[in-house]
Structure formats: C-alpha cells, structure tokens
Amino acid sequence: MRPMRYPSMAGFTLLELVFVVGIMAILSATVLTTFLCLNRAATAVTAHRSAQAGARHALAAISDDVRQARTVSASAQGSDLLTVQKADASSPVRYVLDGGVLTRRNGDSARVLCAGVAGMRVDLMTREGKPASDAGSVALVRTTLDIIEARRGPCSSNTFSLATARRNGGSP
C-alpha cells in the first residue's frame, strides 16, 4: 500500500522558518548598528562645524574692532583679556574669557561670541613683527583661540588663529 500525500501539505518546515528568522535578526542588528554609528558621526560633524563657526565669528568680531582701534592692549598674561579703544567710541571694547565663554563687552552691553574656548592668546606686535612695548605701537594683533569640542572630550581641541593689521598701524 502506498502512503497517501496531501497536496495542501506543501510549505516550509519549522526548522527552515527558524533559520530565516535568525538571518533576518542578524541583518536587522547590522543595519541598526550602522545607522547608529552614522548618526553619531553626523552629530560629531555638526558639533565640529558649530565650533568652527563660533571661532570664526569671534575672530571676525575681534578683527573688526582691531582694524578700527586707536589703541590695543592685552592683559599681563596675554591669554584672557583684550582691550580695544576705538577712535570713535568713548568706552573701550573688552574681550573677556570666563569659564570657557568668550564675551565682547562694550560699556554696559555684553555679547557672547563663542563657547567652549579653552584658551585665548593675544600677541601684540609692531610693524617689524617684534613684540609691542606699548599700546600705541601695536600694528599687528595675532589672536589665537583654542576650542574644545564638548562631545569629543577634553583631548579634542582645535586652534584658530587670525592676524589683523590695524588701519592706523602704530607708531614707526
């Protein structure tokens, strides 16, 4: 006697289904991991661009004020304070670095220029490129900002530097 076959019994076995579900799970985990890595990379790039834009904005503001300056002076340390006395203004413009935030202060007003600043160095130089002895002899101001990116940790920093010549270039 022959065994009876049912045409409706065609299909997949339980073992085949478990195998396919396992492969799908592995593929899904791979795709999800790749997506998360790309998302983290995009966030890091955005933070880096934001830090660059903030530093560029701060250096542009300093450059604009230095070009119009009558006198320029830096603090004794040369790292956290720059004072610019414009020819047309009664109160000096001060750049202060406090708690990683670079602020431009003019009289009673204050404007935050850049956050995440680890350090600021200001070099005041004469026309010959030597260190300036007094505020009136400053012809060139080189400003350097060290920016730390918060998402990347304290070991990740970028340095931005800009040299600006004064329009009325200091005494010869």
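Bear in mind the structure is a predicted one, so any value in this text is a computation, not a measurement.

Visitor: Mind showing me how you'd approach the side chain of Asp65 here?
Guide: For Asp65, the position within the fold is in helix H1 (residues 14-67). Side-chain polar atoms of Asp65 contact the side chain of Tyr95, separated by 2.3 Å. When neighbours within four sequence positions are excluded, Asp65 is seen to be in contact with Val84, Lys86, Val93, Tyr95 and Arg104.

Visitor: It is not clear to me how the pairing of strand S2 (residues 81-86) should be interpreted in this structure. Could you clarify?
Guide: The two faces of a sheet get side chains in turn, since along a regular strand they alternate between them. As defined by bridge partners, strand S1 (residues 69-74) adjoins S2 across five bridges and the pair is classed as antiparallel. Residue pairing across strands places Ala74 opposite Leu82, the latter belonging to S2.

Visitor: In this structure, what is going on with the nonpolar core? I would like to understand it.
Guide: Nonpolar side chains tend to gather and get buried jointly when the protein is soluble and globular. By size, the foremost hydrophobic cluster in this structure holds 26 residues, and its most contacted members are Leu82, Tyr95, Leu102, Met120, Leu145 and Ile147. Of all elements in the fold, only H1, S1, S2, strand S3 (93-98), strand S5 (109-115), strand S6 (117-125) and strand S7 (140-148) reach the threshold of two or more residues within this core. Tallying contributions element by element places H1 first for this core, with seven residues. With residues up to four places along the chain from it excluded, the contact list for Leu145 reads Ala55, Ala58, Leu59, Leu102, Val117, Gly119, Met120, Asn158, Thr159 and Phe160.

Visitor: I tried to follow H1 on my own but got confused; where do I start?
Guide: Since the α-helix advances by 3.6 residues per turn, residues separated by three or four positions end up pointing in the same direction. A rise of 1.5 Å per residue sets the reference length of H1, with its 54 residues, at 80 Å; its end C-alpha atoms lie 79 Å apart and thus fit the reference within 8%. Here H1 has its buried residues at Ala51, Gly54, Ala55, Ala58, Leu59, Ala61, Ile62, Ser63, Asp65 and Val66.

Visitor: What exactly am I supposed to notice about the side chain of Ser63 here?
Guide: Summarising the element assignment, Ser63 is placed in helix H1. Ser63 has contacts with Leu162 and Thr164, leaving out every residue within four places of it along the chain.

Visitor: Help me out: how do you make sense of the sheet that holds S1 in this one?
Guide: By way of backbone hydrogen bonds, the strands of a sheet pair with one another, either parallel or antiparallel. One open sheet accounts for five strands, arranged S1-S2-S3-S4-S5; its pairing is antiparallel. Among the strands making up the open sheet, the edge pair consists of S1 and S5. Strand-to-strand twist of the sheet, defined as the mean angle between neighbouring strand axes without regard to direction, takes the value 20 degrees. In this sheet, S3 lies alongside S2 in antiparallel orientation, the contact comprising four bridges. Bridge assignment links Leu81 to a residue of S3, and that residue is Val96. Docked against the sheet, H1 engages S1, S2, S3, strand S4 (101-106) and S5, running at close to 135 degrees with respect to S5.

Parameters and conventions
- Residues numbered from 1 in each chain as written.
- Predicted model: local features only at pLDDT ≥ 70, side-chain atom pairs only at ≥ 80, totals over all residues.
- Heavy atoms only, no water.
- Helix = DSSP H or I, 4+ residues; strand = E, 2+ residues; numbered from the N terminus.
- Polar contact = N/O pair within 3.5 Å; in protein donor to acceptor, adjacent residues only side chain to side chain.
- Contact = heavy atoms within 4.5 Å.
- Pairing = 2+ DSSP bridges.
- Core = buried A, V, L, I, M, F, W, Y, C linked by side-chain atoms within 4.5 Å.
- Buried < 20%, exposed > 50% of the residue type's maximum accessible area, 1.4 Å probe, protein only.
- Expected span 1.5 Å × (residues − 1).
- Axes fitted to C-alpha atoms, helices over the stretch in contact; angles between N-to-C directions.

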